[in-house]
Amino acid sequence: LTEEVSNSSGPILDCGSGLSTVIGGVLSGRRGQTLWGLEQDEEWTSTVREILDQLGVHAVELHHVTLRSHHDYLWYDISRLSLPSNFAAALCDGPSIPEGPYKTRSRYGLLPTLARTCVKVDRVLADDVVEQRMQQVIRWWESEFGLKTEHYAGPDGNCAVLSGGRPAIAVR
């Protein structure tokens with residue numbers, strides 16, 4: 001996370017807020033950039049905002065957004081947001097869907113939803129890649145968007161960085 005955010009040359013999208021939002025916000029602020037956070041839990045959004053305020057982290061645009069059905073997956077309803085046209089990176093650790101028919105595709109919506117709104121993402125940092133559902137999401141992204149995946153193992157867990165997609169990743 002720290003390396004990805006520190007080396008990014010533009011805004012960051014954080015899907016699911018928490019510690020990544022705080023750390024990413026601090027690092028983004030040091031670079032004069034903004035971290036955009038999406039969170040579906042209104043109470044948790046307020047808690048994270050309070051933490052950011054207490055720590056003096058101002059480089060975060062944290063938005064409470066509901067989840068919206070897109071036929072076979074749920075993802076954040078970003079239709080009312082004015083997002084940047086390009087994110088240097090997206091941190092994909094949400095939305096949180098604990099049970100139900102949408103669970104296996106819970107994070108899949110990141111790329112197709114942004115593509116439909118013509119928002120580009122240069123790199124995706126995916127968390128929880130040891131989970132079967134996230135492995136499947138990565139395979140779908142590789143197939144549908146032409147992404148290449150690099151896996152990383154660390155003391156706090158495993159993640160993957162996806163990049164190098166087709167130039168028209170935002171136009172589907």
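Residues numbered from 1 in each chain as written. Predicted model: local features only at pLDDT ≥ 70, side-chain atom pairs only at ≥ 80, totals over all residues. Heavy atoms only, no water.

Novice: Looking at this structure, how should I read helix α2 (residues 19-30)?
Specialist: In this model α2 runs 17 Å from its N-terminal to its C-terminal C-alpha over 12 residues, within 8% of the 16 Å that 1.5 Å per residue would give. For α2, every residue scored as buried is listed here: S20, T21, V22, G24, G25, L27 and S28. Buried residues along α2 sit against α1 (2-6), β1 (12-15), β2 (35-39), α3 (42-55), β3 (60-64) and β7 (89-92). Positioned one or two residues after α2, G32 has a phi angle of 75°, which is positive. (Helix = DSSP H or I, 4+ residues; strand = E, 2+ residues; numbered from the N terminus. Expected span 1.5 Å × (residues − 1). Buried < 20%, exposed > 50% of the residue type's maximum accessible area, 1.4 Å probe, protein only. Contact = heavy atoms within 4.5 Å.)

Novice: I keep staring at the packing of aromatic side chains and nothing clicks. Help me out?
Specialist: Aromatic rings in a pair are described by how distant their centres are and how their planes are angled relative to each other. Counting across every chain of the model gives three aromatic pairs. Residues W75 and Y76 carry aromatic rings whose centres are separated by 5.0 Å and whose planes lie at 75° to one another, so their mutual orientation is edge-to-face. Here Y76 falls in the buried class, since its relative accessible area comes to 1%. By the ring-pair criterion, three or more aromatic residues cluster together here, those being Y73, Y108 and W140. (Phe/Tyr/Trp six-rings, centres within 6.5 Å; stacked < 30°, edge-to-face > 60°.)

Novice: How should I be thinking about the pattern of salt bridges in this particular structure?
Specialist: Opposite charge on two side chains permits them to pair, given that their charged atoms come into close proximity. Following the criterion strictly, the structure yields three salt bridges and no others. Among the ionic pairs, D128 bridges to R107, the shortest N-O distance being 2.9 Å. Note that D128 is positioned in the loop between β9 (123-127) and α5 (132-145) and R107 in the loop between β7 and α4 (110-116), a separation of 21 residues in sequence. Put simply, E131 and R133 hold a salt bridge, and the shortest N to O gap is 2.9 Å. (Salt bridge = Lys/Arg side-chain N within 4 Å of Asp/Glu carboxyl O.)

Treat this as a map of the structure, not an account of what it does.
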